Amino acid sequence: MALAVAALAGCGAPPGLGEPTSVPTHTAAPTPSGPSTAPATPPTTPPATAPSLGTVTPTPDGGLVATACRNGPTGQRVLQLLRGRAGVLPANVRVQVRTGPLCAGDWQFTVLTVTGHEELQVITRGEPGSPVLVTAGTDVCTIEVRATSPAGIRALACDAGPANGPGA
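Because the structure is a prediction, the values reported are computed rather than measured. (Residues numbered from 1 in each chain as written. Predicted model: local features only at pLDDT ≥ 70, side-chain atom pairs only at ≥ 80, totals over all residues. Heavy atoms only, no water.)

**Points about the sheet that holds strand 3 (residues 107–114)**
Part 1: Spatial ordering of the open sheet is given by 1-2-3-4-5, a layout of five strands whose pairing is antiparallel. The open sheet terminates on both sides in strands that have one partner only, identified here as strand 1 (67–68) and strand 5 (132–137).
Part 2: As paired strands, strand 3 and strand 4 (residues 120–125) are joined by six bridges and run antiparallel to one another. Paired with V111 across the two strands is Q121, which belongs to strand 4.
Part 3: Along the sheet, helix 2 (residues 75–83) makes contact with strand 2 (95–104), strand 3, strand 4 and strand 5, crossing strand 2 at roughly 110°.
Part 4: Lying over the sheet, helix 4 (residues 151–159) contacts strand 2, strand 3 and strand 4, oriented at roughly 25° with respect to strand 3. (Pairing = 2+ DSSP bridges. Helix = DSSP H or I, 4+ residues; strand = E, 2+ residues; numbered from the N terminus. Contact = heavy atoms within 4.5 Å. Axes fitted to C-alpha atoms, helices over the stretch in contact; angles between N-to-C directions.)

Below you can see the structure in the form of C-alpha cells.
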C-alpha cells in the first residue's frame, strides 16, 4: 500500500495547472480632466436570427398513417404481380386478399390468406397501375422497409410483428 501511495505522490499537477508564480499588476493612468475624445466604437449589430418559417401547413397524409388506397393498386393487381414475373405465388395456389392494399405515400401494404400456408404480407411501392414488389413473406420488416418506407407502412410491417397485420 505504501508503494502505491509513494508512486502516486510523484504525480503532481500537470504543467500549467500549478500555482501561479507571480500575478501581473496593472496601474491605471490618471484620467485627464476636461473634454476628451473617446475612440469611436463601431456600431453594434443585433445577433443574427433564424429566418421566419411562417406558418407550417402539414400535408394531408405525409405517410404517417396507412389508409385504404383510394386510387389503387387493387388487391387483384397485387396478386397479378405476385403470380407474374415476381414468381412468389404459383398459379394453382388459392389466395384471398385479407387486408388492403393500404397506402402511405407511394408505398402499399397487403395481407393475403394463402390456403394451406401462413398469411403472406406484401409490400409494394410505386404507381397504382404498376406497383413494384419490395418484399413479400411472413416477416416483411426488411432493412429497406425500416430505412425508407413511410411511417405508416413501417408500423404495419415492423411494429405489428410477423403476420400480425391489421385485423389479426
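Having put the structure on the table, let's press on.
**A few points about the state of the cysteines**
Part 1: By the definition in use, this model includes two disulfides.
Part 2: Shown here is the disulfide that connects C69 with C103, its sulfur atoms set 1.8 Å apart. Of note, the bridge from C69 to C103 carries an S-S torsion of about 100° and is right-handed in sense. With C69 in the loop between strand 1 and helix 2 and C103 in strand 2, this pair connects stretches of sequence that are 34 residues apart.
Part 3: Note that C141 is cross-linked by a disulfide to C158, the S-S spacing being 2.0 Å. Taking the sign of the S-S torsion, about 100° here, the bridge from C141 to C158 comes out right-handed. Of this pair, C141 sits in the loop between strand 5 and helix 3 (143–148) while C158 sits in helix 4, and the two are 17 residues apart along the sequence. Just as C141 is buried, C158 falls in that class too.
Part 4: With its bonded cysteines labelled in order along the sequence, the protein chain shows the pairing 1-2, 3-4. (Disulfide = S-S within 2.5 Å. Buried < 20%, exposed > 50% of the residue type's maximum accessible area, 1.4 Å probe, protein only.)

**Concerning the nonpolar core**
Part 1: Core analysis: the biggest nonpolar cluster contains 15 residues, and A66, W107, F109, I123, V145, I153 and A157 have the highest contact counts within it.
Part 2: Of all the elements in the fold, those that place two or more residues in this core are strand 2, strand 3 and helix 4.
Part 3: Looking at this core, the element that brings in the most residues is helix 4, giving four residues.
Part 4: Setting aside its immediate chain neighbours within four residues, I153 contacts A66, L102, A104, W107, Q108, F109 and I123.
Part 5: One finds L89, V93, V95 and L112 within the second-largest nonpolar core, a separate group that totals ten residues. (Core = buried A, V, L, I, M, F, W, Y, C linked by side-chain atoms within 4.5 Å.)

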